Structure formats: structure tokens, C-alpha cells
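This is what each chain is made of:
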Amino acid sequence: MADRWLKANCLLASATAFWLAALSPLPQIGRGISYSLALVASVQLVGESRRLIAQDARRAALTAMNQELEQVEIGLHTQQQEQALYEIYGAAPTYPPEVKQELTTSLEHLYKEPSADRADELQTSTSEKKALYLAVKSLIEVKGKTYVLEKVLCLSGGQWERGEQVLQQILEEGERNGW
């Protein structure tokens, strides 16, 4: 880069010197040669200036692209950190809609099964009780206790206390068994 600037400055000085020499009292042949050399130096100066302009433009473009890449990298890094913090400190667990629907369906199926006795303790196998407990716990985290009582256990309104007892029974049994 410095070589190009040095060459351009030398060409400029040469063109100026030859032009001034042509204006001095020289014979006609000396003036002709000075004008010719000034013209040649000027043409070479224009070519070198074009190369310098292109080189400066390329360097400026590369600098701008590098700055943009740094900003994008910083932005992506910040976004990844925000996502990690949200995952760590998120308010409530979020499930994809398919998982929520599957949990709701399995919980409703387990509860509405003919072997389930709504008046007394549930009369199902251990694996079904575990599945019911896990589904109820997940739905409570996602939708809340009211949703489970009204939509899944179908014990709302006047049966609210009974619904809370059944729900408490399910949760206590799950905790007691370490599920």
C-alpha cells in the first residue's frame, strides 16, 4: 500500500517537474521532450490513482464487512446467552402443542377408564397410577390445578372439594411412591 502511494507521489512530482521544465527557457526540442515526459508521467499517475482508489475501496469494504460480521457474531452470542438464561430461569415449563395434547388425552383416558372409581381411591394398576400421577403433575405445571379439576377430573362447581381431594390423593400417592 505504501509503495503505491510512494509511486503516485513520485509520478506527481515528476509530472510537475517536467511541466515546469517545459515552461523554462529551453530550446524547442527540450520543451517537446519535457511536455512529452510530463504527459507520460500524468497518464501513469492517473492509472496508479485508479489502482489506489480501487485498493482503498476494497479495504474499506473489507473493514465494513468485518465489522458487520463482528456485530452479527456478538448478536448471535447474546441471543444464545439470553436463550440459555430463559431456559434456566423460565417462568413455567413449556411443552410443544403435541405434547400438551398427548398429556391431556392420556390423562383423560386414564381417568375415564371403567376400572377407575371416582367415589373412592382409584382402582388401577401401579403403572397406570404412575402414568396418571405424571400426567396430572405435568398438566398442573402447564395448565394449572383448575384445568385439571374441570377438564380432566370433571369435578367442578359443587364437586370442587371432592375434586381437590381426589387430586390431593393422586399427588400424595405419587410422592409417597417416589414417582
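In this text the structure is predicted, and so the values were computed from the model without any measurement.

Let's talk about the overall build of the chain
Then comes step 1: For the chain, the count of helices and strands is six helices and zero strands.
Then comes step 2: For the chain, the succession of helices and strands along the chain, N to C, is α-α-α-α-α-α.
Then comes step 3: Each of the 179 residues in the chain was classed as buried or not, and the buried ones make up 22%.
Then comes step 4: Taking all contacts inside the chain whose residues are at least 6 apart in sequence as the whole, residues at least 24 apart take part in 56%.
Then comes step 5: Carbon together with sulfur atoms contributes 58% to the accessible area of the chain, which is approximately 12600 Å² in total.

Some remarks on the pattern of salt bridges
Then comes step 1: Tallying each qualifying case throughout the model produces five salt bridges.
Then comes step 2: We note a salt bridge from R4 to E48, for which the minimum N-O separation is 3.3 Å. In this pair, R4 sits in helix α1 (residues 2-23) while E48 sits in helix α2 (residues 28-89), placing the two residues 44 residues apart along the sequence.
Then comes step 3: Owing to a relative accessible area of 30%, R4 belongs among the partly exposed residues under this scheme.
Then comes step 4: Owing to a relative accessible area of 2%, E48 belongs among the buried residues under this scheme.
Then comes step 5: The salt bridge involving E164 is made with K145; its shortest N-O contact spans 3.6 Å. Separated by 19 residues along the polypeptide, E164 in helix α6 (residues 160-177) and K145 in helix α5 (residues 145-152) bring together distant segments of the chain.
Then comes step 6: Salt bridges sharing partners connect three or more residues here, namely R4, K7, E48 and R51.

Overview of helix α3 (residues 97-112)
Then comes step 1: For α3, built from 16 residues, the straight-helix expectation of 22 Å at 1.5 Å per residue is met to within 8% by its first-to-last C-alpha distance of 22 Å.
Then comes step 2: Lining the buried residues of α3 we find α4 (126-142) and α5.

What counts as what
Residues numbered from 1 in each chain as written. Predicted model: local features only at pLDDT ≥ 70, side-chain atom pairs only at ≥ 80, totals over all residues. Heavy atoms only, no water. Helix = DSSP H or I, 4+ residues; strand = E, 2+ residues; numbered from the N terminus. Buried < 20%, exposed > 50% of the residue type's maximum accessible area, 1.4 Å probe, protein only. Contact = heavy atoms within 4.5 Å. Areas by Shrake-Rupley, 256 points an atom, 1.4 Å probe, with all protein chains shown as cover. Salt bridge = Lys/Arg side-chain N within 4 Å of Asp/Glu carboxyl O. Expected span 1.5 Å × (residues − 1).

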